Amino acid sequence: PYMAPEISEKQLAANRRSRLLVGTTGPKTPEGKARVKWNALKHGLLAGSVVIPSRHGSESRHQFKHLLTQLHDELNPVGMLEEMLVEKIAVAYWRLRRALRAETRQICDNINDFRRYHYQPHPGTLALPSTGDTYKIVRYESAIERQLHRAIYRLERLQDRRQRGSPQPSEELPVDEN
């Protein structure tokens, strides 16, 4: 089981001082907790589940299952490792689509804010102001693309070995760090 790291007395004292300055450590009542439950979900890229519930986004479990079925039919996985890689490909592709939607929304919001508060660009030009949130989304997108391509590559290698009748070494599929 997970055990939290030990905190020094010095750190505990700093945490207490900080809590006094801020004034609160968050909602205490069930109603308050329910109100702020989804505050951290800005774009859903780090969501615990693959499909974000419909009341918080436009994703559908049915669409994800359909994607997984299509990939399964196209890639014809055999065995548990190939099944895992097909699922990893589906999840990475699903998250990549989410990242692209989040990036588009963020850029549109940035442009609207820029035009509203700064200046109107010359007709025919498009200003693409960026914020830290936009850069963060692009970084997530890049990491997801690497995961997608890595899973596709590993599946192709595994299927090629299986079709040639070669043994499948266990070190072929190390656990991803990201």
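Bear in mind that the values here come from a model prediction, so they are computed numbers and not experimental data.

Conventions used here
Residues numbered from 1 in each chain as written. Predicted model: local features only at pLDDT ≥ 70, side-chain atom pairs only at ≥ 80, totals over all residues. Heavy atoms only, no water. Salt bridge = Lys/Arg side-chain N within 4 Å of Asp/Glu carboxyl O. Helix = DSSP H or I, 4+ residues; strand = E, 2+ residues; numbered from the N terminus. Buried < 20%, exposed > 50% of the residue type's maximum accessible area, 1.4 Å probe, protein only. Expected span 1.5 Å × (residues − 1).

Here we take up the pattern of salt bridges. Enumeration according to the criterion identifies 4 salt bridges in this entry. E59 is paired through a salt bridge with R101; the nearest N and O atoms lie 2.8 Å apart. With E59 in the loop between α2 (30–36) and α3 (61–75) and R101 in helix α4 (residues 79–117), this residue pair connects regions lying 42 residues apart in the sequence. With relative accessibility at 7%, the residue E59 sits in the buried group. The class for R101 is partly exposed, based on a relative accessible area of 30%. One salt-bridge network, held together by shared partners, links E59, R98 and R101.

This paragraph deals with the environment of E145. Positionally, E145 belongs in helix α5 (residues 132–164). In sequence terms E145 and A92 are 53 residues apart; their C-alpha atoms lie 7.3 Å from each other.

This paragraph deals with α5. Residues three or four positions apart in an α-helix share a direction because the helix packs 3.6 residues into each turn. An ideal rise of 1.5 Å per residue puts 48 Å on 33 residues; α5 measures up with 48 Å between its terminal C-alpha atoms. The first or second residue beyond α5 is G165, which carries a positive phi of 80°.

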